[in-house]
Amino acid sequence: MSDSVHSVRARTWLEFADLQDYESTWASSSSVFQSAIEMDDWREKLQAARSPLGAMKSRELDSIEPLGSPDGAPDGNYMRLVFNSSFENKTAAQETITLFEENDGHWRAAGYFIK
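Worth saying up front: this structure is predicted, and the values here are computed from it rather than measured.

Caption draft 1: Up close: the side chain of Thr98. Within the fold, Thr98 resides in strand 3 (residues 90-101). Given the relative accessible area of 11%, Thr98 is considered buried. Thr98 has contacts with Leu67, Tyr78, Met79, Arg80, Arg108, Ala109, Ala110 and Gly111, leaving out every residue within four places of it along the chain.

Caption draft 2: Structural view of the side chain of Ser30. Within the secondary structure layout, Ser30 lies in the loop between helix 2 (22-27) and helix 3 (31-36). On the accessibility criterion, Ser30 (0% relative accessible area) is buried. Ignoring anything within four residues of it in the chain, the contact list for Ser30 reads Phe100, Glu102, Arg108, Ala109 and Ala110.

Caption draft 3: Seen up close, the sheet that holds strand 2 (residues 78-87). In spatial order, the strands read 1-2-3-4; together these four strands make up an open sheet with antiparallel pairing. Whereas interior strands pair on both sides, the edge strands pair on one side only; in this sheet they are strand 1 (56-67) and strand 4 (107-114). Averaged over all pairs of adjacent strands, the angle between strand axes in this sheet comes to 25°, irrespective of strand direction. Pairing of strand 3 with strand 4, which is carried by seven bridges, proceeds in the antiparallel orientation.

Criteria and thresholds
- Residues numbered from 1 in each chain as written.
- Predicted model: local features only at pLDDT ≥ 70, side-chain atom pairs only at ≥ 80, totals over all residues.
- Heavy atoms only, no water.
- Helix = DSSP H or I, 4+ residues; strand = E, 2+ residues; numbered from the N terminus.
- Buried < 20%, exposed > 50% of the residue type's maximum accessible area, 1.4 Å probe, protein only.
- Contact = heavy atoms within 4.5 Å.
- Pairing = 2+ DSSP bridges.
- Axes fitted to C-alpha atoms, helices over the stretch in contact; angles between N-to-C directions.

Written out as structure tokens, the structure reads:
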């Protein structure tokens, strides 16, 4: 799978967050992610992190790199993508999304951080 496909997978997931469709971010995440946090808890955490930022203005891929298994996560194939993003209320933000390759070969979100 090419880097561009990883970027498309990550951007699709991020678009759910941009639309405040927090349930879809959870539903489209990896089994690793879903087993780590319940949907209601995730919705509250993501809403608390994203709502103060306001509307998405721009997002550019900064880096993409394969990872070993993160601490505490199951063994497998992971990719970390970092985006330089701008929001209505925060002009310089960095979003990091980690993708996990599921047994069916599809890459799905396994983690998300914003700073």
